[in-house]
Amino acid sequence: MADAEFVGRMGPELELLLPLLDERARRLVLGAVARAAGEGGTAAVAAATGASWQTVANGAAELASGDAAAPGRVRRPGGGRKKLEERDRGLIPALRELLGASTRGDPMSLLTWTTLSVRGVAAELTAAGHRCARNAVLRMLHAEGFSTQGNSRAIEGRRHPDRDAQFRYINDLAKQFLAAGDPVISIDTKKKELVGLYARKGREWRPKGDPRRVRDHDFPDPDGGKAIPYGVYDIGANAGFVSVGTDHDTAAFAVESVRRWWDAIGKDRYPHAARLLVTCDAGGSNGYRPRAWKAELARLAAGTGLEITVCHFPPGTQCRCLTY
């Protein structure tokens, strides 16, 4: 019979020791105590510690045979629960069939990827009779050579034959303006933001338990409007200037932003300037097509006495330079 008194004395000590051990060490300690307790020790130790009877028996058997897991391993080779794909031989074929319609990438490449989420794949496989969880799907996807990837912007459109010459022309023109002491600016409309108590990413230091209260949705507020930042970057001075509108991103607003930069900073920074070079993209409020943009620039040139030259960088890599 098992030495009940011995097991009882070891019980509290085991409760302190076992949480500090890994799976292999716990198994061997329980087996050692069971062997020391004598016949029936396996059941007594399992009852005293709440461990599985099989775990205690396995530990005792490993000690008796000397065939324990090698140092650095928790279990002997082949031990532990079998993988899902080993128990369900149809799981991997079902996974491959499911991913076939949603696979991206060169089939000859080492890396491919899927547009389905891990949870979506697990749900589809479970519905098809191959029950599995997201962790198993994630492991199998990596084993099959899949990875999560975003789109790669690598396919170019037609290249304009004068692309390089156009950019060289704009670069040389900017150098000429700067060498003559005339300003060169780059302009663009920045990301529009809703005005009001809306949630934003990030955190700030506040008293504990007193977070800033904001709206639980981001529907536009007719009374709040939008903040429209319009940036003016002075290339020669390496300095920026931002105007913020609350109405619409129009050609009049774009030119007004340039006018405010000139009145607030430009005319004092370049007191002897006779010309102004503006570089920008070819779309939006400062695009090369809107007549309002050209008309407003003409008014700005007349009001400031500057000769204003605009160079656009369109997506098609064409370059249009207009002088007012």
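Structure's up top.
Numbering of residues starts from 1 in each chain and follows the order in which that chain's sequence is written. With the structure being a predicted model, the display of local features is reserved for residues of pLDDT at least 70 and the display and counting of side-chain atom pairs for 80 or more, all residues being used for whole-chain, interface and lining totals. Note: side-chain values were computed over all heavy atoms of the structure, leaving out hydrogens and water.

So what exactly am I meant to see when it comes to the overall build of the protein chain here?
Put simply, DSSP H or I for four residues or longer makes a helix, DSSP E for two residues or longer makes a strand, and each gets a number counted from the N terminus. A tally of helices and strands in the protein chain yields 11 helices and 9 strands. Relative accessibility decides the category of a residue: with a 1.4 Å probe and only protein chains considered, values under 20% of the type maximum give buried, values over 50% give exposed, and everything between is partly exposed. Out of the 324 residues in the protein chain, the part that is buried amounts to 31%. In the protein chain, the proportion of contacts linking residues at least 24 apart, taken out of those at least 6 apart, comes to 60%. Computed with a 1.4 Å probe, the accessible areas rest on the Shrake-Rupley method; for each residue, only the protein chains presented here act as cover. Here the protein chain displays about 21300 Å² of accessible surface, and carbon together with sulfur accounts for 53% of that area. The contact definition used throughout considers only heavy atoms, calling two residues in contact when any of these lie within 4.5 Å.

Can you help me understand the environment of Ala273 in this one?
Along the chain, Ala273 turns up in the loop between α10 (251–269) and β7 (275–281). Sequence separation of Ala273 and Pro183 is 90 residues, and the distance between their C-alpha atoms is 7.2 Å. Leave out the neighbours within four places in its chain, and Ala273 touches Gly181, Asp182, Pro183, Trp262 and Leu306.

What is the right way to read the nonpolar core from this model?
Put simply, a nonpolar core is a bunch of buried Ala, Val, Leu, Ile, Met, Phe, Trp, Tyr and Cys residues held in one set by side-chain atoms that sit within 4.5 Å of each other. Membership of the largest hydrophobic core comes to 25 residues, with the highest contact counts inside it found for Ile185, Ile187, Trp261, Leu276, Trp293 and Ile308. The set of elements that each furnish at least two residues to this core consists of β3 (184–189), β5 (226–234), α10, β7, α11 (291–304) and β8 (307–313). Beyond its immediate stretch of four places on either side in the chain, Leu276 contacts Phe177, Pro183, Ile185, Val258, Trp261, Leu306, Glu307, Ile308 and Thr309. Leu91, Ile92, Val118 and Val137 belong to the second-largest nonpolar core, a separate cluster that totals 15 residues.

Sorry if this is basic, but what is going on with a nonpolar patch on the surface here?
Together, Leu178, Tyr233 and Ile235 line one region of the surface with nonpolar side chains, adding up to about 230 Å² of accessible area. With respect to the element layout, Leu178 can be found in helix α9 (residues 163–179). Like-charged residues are merged into a patch within 9 Å and nonpolar side chains (Val, Leu, Ile, Met, Phe, Trp, Tyr) within 5 Å, provided each residue has over 30% relative accessible area and no salt bridge. Salt bridges are identified by distance alone: a Lys or Arg side-chain nitrogen within 4 Å of an Asp or Glu carboxyl oxygen.

Got a minute to help me understand the pattern of salt bridges in this structure?
Charged atoms that come close allow side chains of opposite charge to pair. Counting across every chain of the model gives 10 salt bridges. For Glu62, the salt bridge is made with Arg27, and the minimal N-O distance between the two is 2.7 Å. Separated by 35 residues along the polypeptide, Glu62 in helix α4 (residues 53–65) and Arg27 in helix α2 (residues 23–37) bring together distant segments of the chain. When sorted by exposure, Glu62 lands in the same class as Arg27, which is buried. One salt bridge in this structure joins Arg260 and Glu256, with 3.1 Å as the shortest N-O distance. Residue Arg260 and its partner Glu256 are both found in helix α10; the two are separated by 4 residues, about one turn of the helix. Since its relative accessible area comes to 27%, Glu256 is described here as partly exposed. Residues joined in a network through salt bridges with shared partners are Glu23, Arg27 and Glu62.

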